[in-house]
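# Fold and geometry: a report
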Amino acid sequence: LSLAGDLAGRIALALENAQLAAQQQAAGQALRAVLLPAELPRVPGVELAVAHDLPGAAAAVAAGGDFCDVFPAGPGRWRFAVGEVCGTGPATLAVTSLARNTLRILATDGLGIPAVLDRLNQLILDEQAAGTYLTLVHGEISAPGADGATALSLACAGQPLPLVLRVSGAEPEPAAAAQPVLGVIDGLRFTAQPARLNAGDLLLCVTDGVTRRRDGDRLLDDDDGLARLLAGC
């Protein structure tokens, strides 16, 4: 009887562990769907790449997370977003989902980047999630012209400024001006700046999860540390 009871206990523990692993896997897949696009679209003349240190499901629910998205917005146009919902608790993931869905819906409805950010700012305020706000880089990519150059339109709300590294070897330069975060100030009106990428140029957009990292004994957000690091690429 003792042996049978011990065996039954081991089987129950194994089944419980298997069930827990399945739940964690399902939670991880659901989290990935909130934070990352299922796949990157093909944009003529443009190579897209995403790097994301995806947190565990429990950690993300507790602290929110960085997210990114790239999606078609109409004939010859694509939108992209790199953002971070800052706050605590499950409300952060709710606002993350709200932001990604709103960006997609309003872009495909034909709204320009400033109008999208104006509307999203108000929606986050309406959520009344105390202490929660959104930092975001939102941009539009247009199909390359006859000269092979790609036109962009960008807005940067509270994120590290997006940087352009030119194939000519010039020092990296900001591609957009700094604007306030979303979800804090009522009635904000955002703007977008044009940018242009020639063949071989690189646009880098990051969250402060990158700029808080160290390069030697300094943080990457100290004295244009990220730009200096990018210049060596």
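Right, let's walk through the structure included here.

Right, let's talk about helix H3 (residues 91-108) for a bit. The end-to-end C-alpha separation of H3 is 26 Å, in line with the 26 Å expected for 18 residues at 1.5 Å each. Of all the positions in H3, only Thr 92, Leu 93, Val 95, Thr 96, Ala 99, Arg 100, Thr 102, Leu 103, Leu 106 and Ala 107 are classed as buried. Just beyond H3, the residue with positive phi is Gly 110, at close to 95°.

Once that is clear, we can look at helix H4 (residues 113-127). With 15 residues, H4 should cover 21 Å at 1.5 Å per step; its first-to-last C-alpha distance of 21 Å lies within 8% of that length. All of the buried residues in H4 are Ile 113, Val 116, Leu 117, Asp 118, Leu 120, Asn 121 and Ile 124. Along its buried surface, H4 packs onto strand S2 (77-86), H3, strand S3 (133-142) and strand S4 (150-157). The positive-phi residue at the C-terminal boundary of H4 is Gln 128, with phi of around 55°.

Our focus in this paragraph is the pairing of S2. Counting buried positions over the 10 residues of S2 gives 9, a clear majority of the element. In this sheet, S2 lies alongside strand S1 (residues 66-74) in antiparallel orientation, the contact comprising 8 bridges. Paired with Phe 67 across the strands is Gly 83, a residue of S2. The hairpin turn running from S1 into S2, its antiparallel successor, is 2 residues long, and Gly 76 in that turn takes a positive phi close to 70°.

About the criteria used
All residue numbers here refer to positions counted from 1 along the written sequence of the relevant chain. This being a predicted model, a pLDDT of at least 70 is required before a residue's local features are given, and a value of 80 or more before pairs of side-chain atoms are given or counted; all residues contribute to the totals for chains, interfaces and linings. In computing side-chain properties, one takes all heavy atoms of the structure into account and sets aside hydrogens as well as water. By definition, any uninterrupted DSSP run of H or I lasting at least four residues is a helix, any uninterrupted run of E lasting at least two residues is a strand, and each is numbered from the N terminus. A helix's residues, less one, multiplied by 1.5 Å, set its expected span. Note on classification: 1.4 Å probe, protein chains only; a residue is buried when its accessible area is under 20% of the maximum for its type, exposed when over 50%, partly exposed between these limits. A contact between two residues is defined here by any heavy atoms of the two lying within 4.5 Å. Paired strands, in this sense, are two strands between which DSSP finds at least two bridges.

Nothing here speaks to function; it is geometry throughout.
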